[in-house]
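What follows is the residue order along each chain.
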Amino acid sequence: MRRDATPRRYLMCPPAHFKVTYSINPWMDPTKPVDLPIANAQWEDLRDRYRSLGHTVETLTPDPGLPDMVFAANGALVVDGRVLGARFAHPERAAEAEIHLDWFRSHGFQEIHEPSHVNEGEGDFAVTTSYILAGRGFRSSPLSHDEAQEFFGRPVIGLDLVDPRYYHLDTALSVLDGDEVMYYPAAFSPGSQAVLRRLFPDALIADSDDAAALGLNAVSDGRHVLLPQAAAGLLAPLRDRGFEPVPMDLGELLKGGGSVKCCTQELRM
Ligand code: ARG
């Protein structure tokens, strides 16, 4: 099958002030030092790779008091040019939401919804052609799913996350193209696994090693799939489906519990 990339627009935030000073997910160990020059180089590689693939990357100005800001995916969900702002579950990240909203206000986005319920943007929302998939259990409130459905007018499918290592939907599931996804079943409740099987019978199923390498934290442009390089088991199945995997090293950012997708918010116009 021939796969075509479509040009995308991404919002990213350099890890200039990235560090692990608190722990809000099991990947974060504040006693482990972060090598900031390496983190910056890895992030720049990702940004440059997007640009070399023909995508547009916009950047947010990092705030010295917000060490997790590099995980820009969490700051909003943008579909059809409409912006659902984030509302963070943990006080450590709360101030990021307003910075994202300000960015959208100053970049010509007209339809911006300030959320009433906790949602961590694309951390817990994934957009397919037919649905918005929405994670809950660790961060985003189930009430945010109704809020997203009402705002976007697209069917929102709630999915229960059950493994604390996969605390955001984007650590356990990734949209490859259209209504094609890959995911790690054990991150979901039995009922949510059944829903995923019903909606996506042909999904690429990841194993525990690939999930543990955060291999599902991937970004696809319809052809190229940028993913953490340690998720080696996903390369062959992606190629078999006609995708071109692009392994990336974001090892320093993994110390914060994030990788490719967490660093990348897609602006869907
Ligand atoms: N340290 C961040 C947190 O726990 C990591 C966020 C990763 N982002 C993501 N989209 N999964 O909130």
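Every chain is numbered independently, its residues counted from 1 as its sequence is written. Where local features are concerned, this predicted model is filtered to residues with pLDDT of at least 70; where side-chain atom pairs are given and counted, the filter is 80 or more; whole-chain, interface and lining totals use all residues. Values reported for side chains reflect all heavy atoms of the structure, with hydrogen atoms and water molecules removed beforehand.

Engineer: I'm lost on the overall build of the protein chain in this one. Help?
Structural biologist: Per the secondary structure count, the protein chain includes seven helices and 15 strands. Dimensions along the principal axes, computed over C-alpha positions, put the protein chain at roughly 45 × 40 × 35 Å. Working definition: with a 1.4 Å probe on protein chains only, accessible area under 20% of the residue-type maximum means buried, over 50% means exposed, and in between means partly exposed. Classification of the 269 residues of the protein chain by burial places 56% in the buried group. Contacts are residue-level and defined by heavy atoms, with any inter-residue pair within 4.5 Å sufficient. Intrachain contacts of the protein chain at a sequence separation of at least 6 include 71% that bridge at least 24 residues. Note on areas: Shrake-Rupley, 1.4 Å probe, and residue coverage restricted to the protein chains presented here. Accessible surface, the protein chain as shown: approximately 10,500 Å² in total, 50% of it carbon and sulfur. In the protein chain, the 25 positive side-chain charges and the 38 negative ones have mean positions that sit 2 Å from each other. Comment: elements are numbered from the N terminus, with helices defined as DSSP H or I runs of at least four residues and strands as E runs of at least two. Positive charges are assigned to Lys and Arg, negative charges to Asp and Glu, while His and the chain termini are left out of the count. Charge positions are represented by NZ for Lys, CZ for Arg, CG for Asp and CD for Glu.

Engineer: Teacher, can you tell me more about empty space enclosed by the protein here?
Structural biologist: The probe, sized like a water molecule, is rolled over the atoms to show the empty space still left. Cavity and pocket criteria rest on a 1 Å grid covering protein atoms alone: a 1.4 Å probe that fits but cannot get out defines a cavity, protein on both sides within 12 Å along at least 5 of 7 lines defines an open pocket, and an atom within 4 Å of a point defines a lining residue. Grid points are joined across faces, edges and corners, and a volume is the space filled by probe spheres set on the points. According to the stated counting rule, one finds one cavity of 30 Å³ or more in the structure shown. Counted as a void, the largest cavity has a volume near 60 Å³. Lining the largest cavity we find 14 residues, and of these Asn25, Phe71, Arg93, Tyr167 and Gly256 sit closest to its centre. A breakdown of the residues in the lining of the largest cavity according to their chemical character gives five nonpolar, six polar and three charged. The residue classification treats Ala, Val, Leu, Ile, Met, Phe, Trp, Tyr, Cys and Pro as nonpolar and Asp, Glu, Lys and Arg as charged. All others, Gly included, are polar.

Engineer: Any chance you could explain the side chain of aspartate 68 here in plain terms?
Structural biologist: Tracing the backbone shows aspartate 68 in the loop between strand S2 (56-59) and strand S3 (76-79). The working definition used for a salt bridge is a side-chain nitrogen of Lys or Arg within 4 Å of a carboxyl oxygen of Asp or Glu. Despite its burial, aspartate 68 remains without a salt bridge, the nearest opposite charge being carried by arginine 93 at 4.1 Å. For this analysis, a polar contact is any N or O atom pair within 3.5 Å, provided that within protein one partner can donate a hydrogen and the other can accept it, and provided that sequence-adjacent residues contribute only side-chain to side-chain pairs. One polar contact links aspartate 68 to tyrosine 22, side chain to side chain, over a distance of 2.8 Å. Non-local contacts of aspartate 68, meaning those with residues more than four positions away in its chain, are made with Phe18, Tyr22, Ile24, Met28, Arg93 and Glu96.

Engineer: When you look at the packing of aromatic side chains in this model, what are you seeing that I'm missing?
Structural biologist: Geometrically, a pair of aromatic rings is defined through the distance of the ring centres and the angle of the planes. Only centres within 6.5 Å qualify two rings of Phe, Tyr or Trp (six-membered ring in Trp) as a pair; their planes then separate them into stacked at under 30 degrees, edge-to-face at over 60, and tilted for everything else. What the rule picks out here adds up to nine aromatic pairs. Each ring, one from phenylalanine 104 and one from phenylalanine 109, has its centre 5.0 Å from the other, and the planes form 90 degrees; the classification is edge-to-face. Classification of phenylalanine 104 by relative accessible area gives buried; the value is 0%. The exposure class assigned to phenylalanine 109 is buried, which follows from its relative accessible area of 6%. On the basis of an interplanar angle of 90 degrees and a centroid distance of 6.2 Å, the ring pair of tyrosine 131 and phenylalanine 200 is categorised as edge-to-face. In this pair, tyrosine 131 is assigned in the loop between strand S6 (125-127) and strand S7 (132-136) and phenylalanine 200 in the loop between helix H4 (190-199) and strand S11 (204-205), connecting sequence segments 69 residues apart. With a relative accessible area of 4%, phenylalanine 200 lands in the buried category.

Engineer: How should the site of the ligand be read in this particular structure?
Structural biologist: The immediate surroundings of the ligand are formed by 16 residues, with Asn25, Arg93, His168, Asp170 and Cys262 found nearest. At a separation of 2.7 Å, an oxygen atom of the ligand approaches a polar side-chain atom of arginine 93. Between the ligand and the protein, one listed contact pairs an oxygen atom with a side-chain N or O atom of arginine 139 at 2.8 Å. Burial of the ligand by the protein amounts to 100% of the accessible area it has alone, namely 350 Å². The criterion for a residue being near a molecule or strand is simple. One of its heavy atoms has to lie within 4 Å of it.

Engineer: Please explain the layout of surface pockets as it appears in this structure.
Structural biologist: Considering only enclosed or pocket space, the largest pocket measures out at about 510 Å³ in volume. Every residue lining the largest pocket is counted, 29 residues in all, and those nearest its centre are Arg8, Val127, Val175, Glu266 and Arg268. Contributing elements (two or more residues each) for the lining of the largest pocket: S6, strand S9 (173-177) and strand S12 (219-220). Among the elements that make up the lining of the largest pocket, the one with the highest residue count is S9 (five residues). Its residues placed into classes, the lining of the largest pocket shows 14 nonpolar, five polar and 10 charged.

Engineer: Any chance you could explain the sheet that holds S12 here in plain terms?
Structural biologist: Remark on secondary structure: sheet strands pair via backbone hydrogen bonds, oriented parallel or antiparallel. At least two DSSP bridges between two strands are needed for those strands to be called paired. Ordered by their spatial adjacency, three strands build an open sheet running S12-S13-S14, and the pairing between neighbours is mixed. Among the strands making up the open sheet, the edge pair consists of S12 and strand S14 (244-248). Two elements, strand S13 (residues 224-228) and S14, share five bridges in a ladder whose sense is parallel. Its bridge partner being in S14, valine 225 is matched across the sheet by proline 245. Each of S12, S13 and S14 touches helix H1 (residues 36-52); the most contacted strand, S14, lies at about 155 degrees to it. Here an angle of 0 to 180 degrees is reported between the N-to-C directions of two axes, which are lines fitted to C-alpha atoms, with helices fitted over the stretch in contact.

Engineer: Can you walk me through the pattern of salt bridges in this structure?
Structural biologist: In a structure, side chains of opposite charge can pair up when their charged atoms sit close to one another. Under the counting rule described, the total for this entry stands at 20 salt bridges. Salt-bridge contacts for glutamate 58 lead to arginine 9; the nearest nitrogen and oxygen are separated by 2.7 Å. Taken as a pair, glutamate 58 in strand S2 and arginine 9 in strand S1 (residues 9-12) lie far apart in primary sequence, 49 residues in all. What makes glutamate 58 buried here is its relative accessible area of 18%. Looking at arginine 9, the relative accessible area reads 22%, which means it is partly exposed. Connected through salt bridges with shared partners, the residues Arg3, Asp177, Glu180 and Arg241 form a single ionic network.

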